[in-house]
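Structure at a glance
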Amino acid sequence: MKQDKNMQNVEFMVEGDVNLTSARGNWIRENVDEEIKQLLEKDAQYFIHQSMSTPCLDVLGDCKGSYIESISGKRYLDFHGNNVHQIGFSHPKLVGRLTEQLQNLTFSTRRYTNEVAINFAEKIISITPKDLDKILLTPNGSSAIGIALKLARAVTKKHKIVSFWDSFHGASLDAISVGGESVFKEHMGPMMPGVEHIPPPITYRGIFEGNESKALEYLEYVLSKDNQIGAFLAETIRNTDVQVPSKQFWKEARDLCTRYGVLLILDEIPIALGRTGKWFAFEHYGIEPDILCLGKGLGGGIIPQAAVITKSEYDVFEHISLGHYTHEKSPLGCMAGLTVLKIIEEEGLLEKVKQDEAFMKKELQKLHRKYSLIGDVRGSGLLWGIELVTNRVTKEKATNETEEIMYECLKKGLSFKVSKGNVLQLSPALTISKEELQHGLEILNEAFLKINTIA
């Protein structure tokens, strides 16, 4: 038991790719100059410390396209981007449109609307399924989840909700209550009541490993036993460690929701807008949600912007404040969202991602065959997970090796997210060039080669 507890602690330390082990100290000593060290010390002095945000690894001075750049001039290909960089960083067209907007309407007071917000709503509704035709805007994803939860309660008159263990739906108290990542619940005391967590469908590892029918059986069992459940909230594809359910799973899950009168809320905050090669990940599965949550990349990596989209038949609660946030119809946020959608269309990014997916799949499978450290490779579009294990049979998590590879890649100029302690999550800008993509994978290969675990 002691060994298991230590392993769990290590997993929490590297969760989210920022850690508290000695490796970070070595990184600071060997890879950053004195000016940056002083700034990092000030950052640690003034900002509240929290998991996944502190301590920091470097000090950024610029970001453009697929790259982030330190004030010392060190450039990193960013395969992380907090999932906001569908159109890359500082896209010139978006910067231009926002600069233009700053010369005109910069804020929209409540009870007034503005043309930019209306145009944005019209545009985004034009790309959703025809039944999803009503929208509410909010500044961030956690707020979008909160709105969806309130709307579901109002529609169904039921307060309970089902969600998956290990899912992530935001960092506010209501969002971590419905979320399933235990690191967010530590020291938080009682969560929001009425949440039922169930094991997720996972193809590699987990109690239902490779057996989605058991996950569906569990979901149906819970729905059949509790008639106070009004909604099922899930990530269509789990973003953090890239879990990709089958088409059959989502078809049957959608049918179960319909059969038991439960609303299906899909959280596509990090994975929509072309990340999987379609506007929305649910399009791959031939299903439609009752409520859809969007965010992150919707603001183009410059302005926070999120949205909740639902059906006209649920737009019957004028007497309820579902989410009247201060920046609800922000002209800047709406201009960002409108421009992002147009850039994705104009630059043909959906088709490009499909081509990049084939390339990524081929190259990552090569790495899988080459290195015994890689237990599994999985992904969709430009979202990929590489799970590292010390033994492919026992599947023990290779947390130490994961950390070594992360820092080796950082030295060579590649940044990505680490999830669950042993999963490299690769999520580059959708605008990334073939040469940049190839370069990133070459850095990854060099890091694995240095660890020296040839299959």
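These lines cover the structure that appears in this document, whether it is placed above or below. These numbers come from a predicted model, not from an experiment. (Residues numbered from 1 in each chain as written. Predicted model: local features only at pLDDT ≥ 70, side-chain atom pairs only at ≥ 80, totals over all residues. Heavy atoms only, no water.)

**Quick word on the side chain of Gln101**
Turning to its location among the elements, Gln101 is positioned in helix H4 (residues 92-102). Take Gln101: its relative accessible area is 7%, and that puts it in the buried class. Not counting residues up to four positions away in its chain, the partners in contact with Gln101 are Thr106, Val116, Pro331, Leu332 and Met335. (Helix = DSSP H or I, 4+ residues; strand = E, 2+ residues; numbered from the N terminus. Buried < 20%, exposed > 50% of the residue type's maximum accessible area, 1.4 Å probe, protein only. Contact = heavy atoms within 4.5 Å.)

**Details of the nonpolar core**
Ranked by size, the top nonpolar core spans 107 residues in total, and within it Phe232, Ile405, Phe416 and Leu444 carry the most contacts. Looking at this core, the element that brings in the most residues is helix H10 (residues 331-346), giving nine residues. In this structure Ile405 touches Leu373, Leu388, Phe416, Leu424, Leu444, Ala447, Phe448 and Ile451, once residues within four positions along its chain are discounted. In terms of nonpolar packing, the next biggest core, distinct from the first, is built from 23 residues, Val178, Ala231, Ile265 and Cys293 among them. (Core = buried A, V, L, I, M, F, W, Y, C linked by side-chain atoms within 4.5 Å.)

**Notes on the pairing of strand E12 (residues 383-388)**
The buried fraction of E12 is high, at six of six residues. Because side chains alternate across E12, one face comprises the buried residues Leu383, Gly385 and Glu387, and the other comprises Trp384, Ile386 and Leu388, equally buried. Relative to E12, strand E11 (residues 374-380) runs antiparallel, the two being bridged by six bridges. The partner of Ser380 across the bridge, within E12, is Leu383. Note that E12 and strand E14 (residues 423-426) share four bridges and pair antiparallel. Among the inter-strand pairings, Glu387 is bridged to a residue of E14, identified as Val423. (Pairing = 2+ DSSP bridges.)

**Topic: the sheet that holds strand E8 (residues 263-267)**
As summarised here, the arrangement of the seven strands in space is E4-E10-E9-E8-E7-E5-E6, forming an open sheet in which the pairing is mixed. Each edge of the open sheet is held by one strand with a lone partner, namely strand E4 (132-138) and strand E6 (195-198). Taking the axes of each pair of neighbouring strands and ignoring which way they run, one obtains an average angle of 20° across the sheet. Contacting E4, strand E9 (291-294) and strand E10 (306-311), helix H5 (residues 115-127) runs over the sheet at an angle of about 135° to E4. (Axes fitted to C-alpha atoms, helices over the stretch in contact; angles between N-to-C directions.)

**Considering empty space enclosed by the protein**
For the structure shown, the criterion picks out two cavities of 30 Å³ or more. For the largest cavity, the calculated volume is near 90 Å³. Along the walls of the largest cavity sit Phe164, Ser167, Pro200, Pro201, Glu235, Thr236, Ile237, Arg238, Gln243 and Pro245, which together make up its complete lining. Of the residues belonging to the lining of the largest cavity, the class tally is five nonpolar, three polar and two charged. If you add up the space inside the second largest cavity, you get close to 60 Å³. (1 Å grid on protein atoms, 1.4 Å probe; cavity = no way out; pocket = protein on both sides within 12 Å on 5 of 7 lines; lining within 4 Å. Points joined across faces, edges and corners; volume = space filled by probe spheres on them. Nonpolar A, V, L, I, M, F, W, Y, C, P; charged D, E, K, R; others polar.)

**Here's the deal with the sheet that holds E14**
Pairing in this open sheet of seven strands is mixed, and the strands run E1-E2-E3-E13-E14-E12-E11 from one edge to the other. At either end of the open sheet lies a strand with only one pairing partner, and these are strand E1 (60-64) and E11. The average angle at which neighbouring strand axes cross in this sheet is 30°, direction not considered. Where strand E2 (residues 67-70) lies against strand E3 (residues 75-79), three bridges are found, and the strand directions are antiparallel. Of the residues in E3, the one forming a bridge with Tyr67 is Leu77. Packed on one face of the sheet, helix H13 (residues 434-451) meets E2, E3, E11, E12, strand E13 (414-419) and E14 and runs near 95° to E3.

**Concerning the packing of helix H12 (residues 399-412) against H13**
Closest axis-to-axis distance for the H12/H13 pair is 9 Å, and the angle between their directions is 130°. Looking at the two axes, H12 sits oblique to H13. Here H12 and H13 pass one another in a crossing that is right-handed. Contacts between H12 and H13 involve Glu401, Glu404, Ile405, Glu408, Cys409 and Lys412 on the former and, on the latter, Ile443, Leu444, Glu446, Ala447, Phe448, Lys450 and Ile451. Residues that form the contact of H12 with H13 fall into these classes: seven nonpolar, no polar and six charged. (Parallel < 35°, antiparallel > 145°, perpendicular 65-115°, else oblique. Left-handed = near helix turned anticlockwise from the far one by under 90°.)

What is shown is where atoms sit, not what they do.
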